[in-house]
Amino acid sequence: MTRPEPPADQSLASIESRMRDAGEWLQLEDGVIENLIAPRRVLEVSIPVRLDDGTRVRFTGWRVLHNITRGPGKGGIRYHPSVSRDETVSLAAAMSLKTALMNLPLGGAKGGVALDPKLLSMRELERVTRRYVSEIFGFLGPDKDVPAPDVGTNAQVMAWVMDQYSIGIGHAVPGVVTGKPLALGGSLGRDSATGRGVVEAALLVCQANGTSLEGKRIVIQGFGNVGMWAARLAAGWGARIVGISDVGGVIASEKGIDIDALVHATQRGVGSVVDAGIGEVIARGIERSTDVFGLPSDIAMPCALGGAVDVREAGLMTAKYVIEGANGPLTPGADAVLNERGVIIVPDIFANAGGVTCSYLEQCQNFAHLQWDEDEVNASVVATMRAAFKRLHEFSTENHLTYRAAASVLGVKALADAHHLRGLHP
Ligand code: GLU
C-alpha cells in the first residue's frame, strides 16, 4: 500500500476496454462481449458491527460473481478503505480472465469490505467477517463461490469464513474457502504461492529472452505476503534485490538487500522496511515509496496496490521487465509509456496467478480429503504457470501482441468458447 488507489472507475473502465479490445480482435459476434463484461451478480451488503467499546458502526461490503460459466466463482476478500463497488467488479472481472487464462475450472469473483483492518481489534474483525459472511451466505459454497485471502485479509479471516459458513450448513465445509489454516484443510505452499508464481513469471520471461534471473537487479514495491515471498524466492535464484518499498518508504542496497534478515525483522514486528536497520533508507513516507522504481534495476515487481504505477512512476522506471505481482498496479497511462519504451510487461492475470492456482489445488485436496506434501503442491503450481506461459508466449509472438493483450485475448476466448458451448438460456 504505497499510494491511494486511483478513482475506482478507472480500473473498471480499463479492464472493460481491454476485454472489449480482445472481443474485437476475436471478432466475437454482436453482444457476446457485453455479456462477458457484465458481472453475473453484484451483492452489496450492509454490515452493522458492535465495536469493543460498545458503540455500533456500519460498514459496506460487496461480493461480485463476475463469471461462473466455467466453474464456481473464485476470488479473494479484500479489507481496505478504498474498497468500492466498481473496484470489486473490476477485480472480479480480472479473476474471470485469470482462471480462464490459467485453464483452471473456475469462474471469477471478488469481495471486500470498505474498512481499515489496522484500526480494528481481532475481535472486531471477527465480528465484521462473520456478519459479512452471513449476509452473502446463500451465494457461497464449494460449487457456487469460493473466497480466498486478498489485500488486508489472511488465513485467520478465512478460518472465520469457513466457520461461519459451516455453522449455517450444519457441518464442517472446508472447501467453501481457500487460503485457510493448515489445521482446517488449508494447503501447504499456499502462503508462498503468489510470490512463487511472480518469480516463476520473471524466470520464464527471462528465459524467453535468452537470459536468466542470476545476478539480475530487482526492485520490489510492497513487502506484504506477495512482495516478501517474491523477494525471498528471487534471492534464492541468485537475483539481487536492490530496492524494496512499503508504506514507510524505500530501502536500497546495490549489493543486494539481506532478505532473510529483513524477513526476520518484520516477523519480530518491525512496522516498515525502513525501520529494520537493513540496507540504506533512501526515502521515507508513503508518498515517496514509489521512488523505488527509480533505482537502477533490471526487473520491477509492483506487489502493492492497484494503480500504484502511474505515468510519473513509469517515467522513473529503469527496469526492462515489469512483473505485475499486484492486481492492476499499472494505470493505462503507465502501460502506454512503458510499452513505448519497449519495456516487457508480464500482466497481473498471469504474473500473480500462482495464488489462485494453489487455491484450486487446495480445493482438489479438500474434495479428495487428502493433504499433499509441499513439494508436490509447489511443483504443480510451477508446472501450471509454465504451461500457461508457453501458451501466452506463443500466442503473443505469433500474433504480434503484447503479453497483456495476448493474455486478455486468451482469457476472453476461453470464456466465449465456454459460453458458446453452453448456449443461452432459455
Ligand atoms: N486474491 C488472490 C488473487 O487475486 C487469490 C484468489 C484466490 O485464490 O481465489 O488472485
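Here the structure is a predicted model, which means the values were calculated and not measured.

Cut-offs and rules
What you see as residue numbers is a count from 1 along each chain, following the sequence as written. Only residues with pLDDT of 70 or above have their local features reported here, since the model is predicted, and side-chain atom pairs are shown and tallied only from 80 upward, although totals for entire chains, interfaces and linings are computed over all residues. To obtain the side-chain values, all non-hydrogen atoms of the structure were included, while hydrogens and water were left out. Note on ring pairs: Phe, Tyr and Trp rings are taken, using the six-membered ring of Trp, and paired if centres are within 6.5 Å. Classes follow the plane angle, with under 30 degrees stacked, over 60 edge-to-face and the rest tilted. The helix and strand labels rest on DSSP assignments: H or I over at least four residues marks a helix, E over at least two residues marks a strand, and numbering proceeds from the N terminus. With a 1.4 Å probe rolled over the protein chains alone, any residue whose accessible area is under 20% of its type maximum counts as buried; one over 50% counts as exposed, and the rest are partly exposed. Charges are assigned to positions over rings by a cutoff of 6 Å between ring centre and Lys NZ or Arg CZ, combined with an angular limit of 35 degrees from the ring normal. The pairing criterion for strands is at least two bridges between them, as found by DSSP. Axis lines are fitted through C-alpha atoms, for helices just across the contact stretch, and the angle between N-to-C directions can take any value from 0 to 180 degrees. A helix is expected to reach a length of 1.5 Å times the quantity of its residues less one. Working rule for contacts: check all heavy atoms of both residues, and any pair within 4.5 Å makes them a contact. The arc refers to the directions leading from the helix axis to the C-beta atoms. Here a cavity denotes grid points, spaced 1 Å and computed from the protein atoms alone, that fit a 1.4 Å probe unable to get out, and a pocket denotes an open set having protein on both sides within 12 Å along at least 5 of 7 lines; residues with an atom within 4 Å of a point are the lining. Grid points are joined across faces, edges and corners, and a volume is the space filled by probe spheres set on the points. The definition of a right-handed crossover adopted here requires that, viewed with the strands pointing away, the path from the first strand over the helix to the second runs clockwise.

A word on the packing of aromatic side chains
In step 1: For the structure on display, the rule yields four aromatic pairs.
In step 2: For the ring pair Trp-25 and Phe-395, a centre distance of 5.5 Å and an interplane angle of 65° mean the geometry is edge-to-face. Remark: Phe-395 occurs in helix α13 (residues 374–399) and Trp-25 occurs in helix α1 (residues 8–26); sequence separation between them is 370 residues.
In step 3: The buried category is assigned to Phe-395, whose relative accessible area is 16%.
In step 4: Consider the rings of Phe-350 and Phe-389, whose centres lie 5.7 Å apart with planes at 40°: the pair is tilted. Taken as a pair, Phe-350 in helix α11 (residues 348–351) and Phe-389 in helix α13 lie far apart in primary sequence, 39 residues in all.
In step 5: You can call Phe-389 buried: its relative accessible area is 6%.
In step 6: One aromatic cluster is present, formed by Phe-350, Phe-389 and Tyr-403 through successive ring pairs.
In step 7: One cation-aromatic arrangement involves Arg-232 over Trp-229; the distance from NZ or CZ to the ring centre is 4.3 Å.
In step 8: The ring of Tyr-321 carries Lys-320 above its face, with NZ or CZ at 5.1 Å from the centroid.

Looking at the sheet that holds strand β8 (residues 249–252)
In step 1: Spatially, β9-β8-β7-β6-β10-β11-β12 is the arrangement adopted by the seven strands of the open sheet, whose pairing is mixed. Looking along the sheet, the strands with just one partner apiece sit at the ends: β9 (280–284) and β12 (344–346). Each adjacent strand pair in this sheet contributes to an overall mean axis angle of 15°, direction not counted.
In step 2: Two strands pair when backbone bridges link them, and strand β7 (residues 240–246) and β8 are joined in this way by four bridges, in the antiparallel orientation. Across the sheet, residue Asp-246 finds its bridge partner in β8, namely Gly-249.

Looking at helix α12 (residues 354–368)
In step 1: Given a rise of 1.5 Å per residue, 15 residues ought to cover 21 Å, and the 21 Å separating the end C-alpha atoms of α12 matches this to within 8%.
In step 2: Most of α12 sits inside the fold, with 11 of its 15 residues counted as buried.
In step 3: Considering only its buried residues, α12 is in contact with β3 (73–80), α3 (85–101), β5 (145–149), α6 (190–208) and α13.
In step 4: His-369 lies just past α12 and shows a positive phi near 55°.

A short note on helix α10 (residues 332–340)
In step 1: Listed in full, the buried residues belonging to α10 are Ala-334, Asp-335 and Leu-338. End-on, the buried residues of α10 take up no more than an arc of 100°, which puts them together on one face.
In step 2: The elements touched by buried residues of α10 are α9 (311–316), β11 (321–323), β12 and α14 (403–422).
In step 3: With its phi angle positive at about 80°, Gly-342 sits one or two positions after the end of α10.

Quick look at empty space enclosed by the protein
In step 1: In the structure shown here, the tally under the stated rule is two cavities of 30 Å³ or more.
In step 2: Looking at the largest cavity, its volume works out to about 260 Å³.
In step 3: Lining of the largest cavity is provided by 22 residues; of these, Ser-11, Arg-18, Ser-90, Asn-327 and Gly-328 occupy positions nearest its centre.
In step 4: Taken together, the elements giving at least two residues each to the lining of the largest cavity come down to α1 and α3.
In step 5: With five residues, the single largest contributor to the lining of the largest cavity is α1.

What to know about the pairing of strand β4 (residues 108–114)
In step 1: Most of β4 sits out of view: six of its seven residues are buried.
In step 2: When strand β2 (residues 56–67) meets β4, the two strands line up antiparallel, connected through six bridges. Across the sheet, residue Asn-67 finds its bridge partner in β4, namely Gly-108.
In step 3: Examined bridge by bridge, β3 and β4 share four bridges and lie parallel to one another. Bridged to His-80 within β4 is Ala-114.
In step 4: Following the backbone out of β3, through α3 and into the adjacent parallel β4, one traces a crossover that is right-handed.

The analysis is restricted to geometry; functional conclusions fall outside its scope.
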